[in-house]
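# Understanding the architecture of this molecule
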Amino acid sequence: QVQLAESGGGLVQAGGSLTLSCAASGTIFRNSVMGWYRRAPGSRRELVASITTSGFAMYADSVKGRFTVSRDNAKNSVSLQMNSLKPEDTAVYYCAAEVIGGDDYWGQGTQVTVSS
């Protein structure tokens, strides 16, 4: 069963922009800290950005100032706007929902490729 669904990945030139989106069920979303993770080739998964139910956001140092995470509580969705993309941003990006006091849910991932 689909718990989370990411979209928006693709191929972009260095310096370009992409916006990723993730939709969840209302029950999961309204009780969850939402996060974006990525796994680059040959690397371990890392947390890129997260946002609480109240809208407090945090970012990895590597993307700070370039990426913006936001959530639309009415639409049960979270977005990751990625600007000034670099080849090192190339990775599979995953949406995650961390239910407060409950389970964690993961999307299947969406590929982001940034060319030189």
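Let me sum up the structure you'll find in this document. (Residues numbered from 1 in each chain as written. Predicted model: local features only at pLDDT ≥ 70, side-chain atom pairs only at ≥ 80, totals over all residues. Heavy atoms only, no water.)

### Thoughts on the sheet that holds strand 8 (residues 77–82)
What links the strands of a sheet is backbone hydrogen bonding, and the strands pair in either a parallel or an antiparallel sense. We apply this condition: Two strands pair under a simple rule: DSSP has to find at least two bridges between them. Secondary structure is summarised from DSSP: a helix means a run of H or I of at least four residues, a strand means a run of E of at least two, and numbering begins at the N terminus for each. Here an angle of 0 to 180 degrees is reported between the N-to-C directions of two axes, which are lines fitted to C-alpha atoms, with helices fitted over the stretch in contact.
A sheet is described by the order of its strands in space; here four strands give the open sequence 1-3-8-7, paired in antiparallel fashion. Each of the sheet's edge strands pairs with one partner strand only, and the pair in question is strand 1 (4–7) and strand 7 (67–72). Adjacent strand axes in the sheet meet at a mean angle of 15°, parallel and antiparallel pairs treated alike. Across six bridges, the pairing between strand 3 (residues 18–24) and strand 8 is antiparallel. Across the sheet, residue L18 finds its bridge partner in strand 8, namely M82.

### A short note on the environment of S116
This is how it is decided: Relative accessibility thresholds used throughout: buried, under 20% of the residue-type maximum; exposed, over 50%; partly exposed, between the two (1.4 Å probe, protein chains only). Contact criterion: two residues are considered in contact whenever any of their non-hydrogen atoms come within 4.5 Å of each other.
With respect to the helices and strands, the residue S116 is situated in the segment after strand 11 (110–115). Judged by its relative accessible area of 83%, S116 falls in the exposed class. Sequence separation between S116 and A14 is 102 residues, and the spatial gap between their C-alpha atoms is 5.5 Å. Leave out the neighbours within four places in its chain, and S116 touches A14 and P87.

Note that every value here comes from positions in space, so none of it alone points to a role or purpose.
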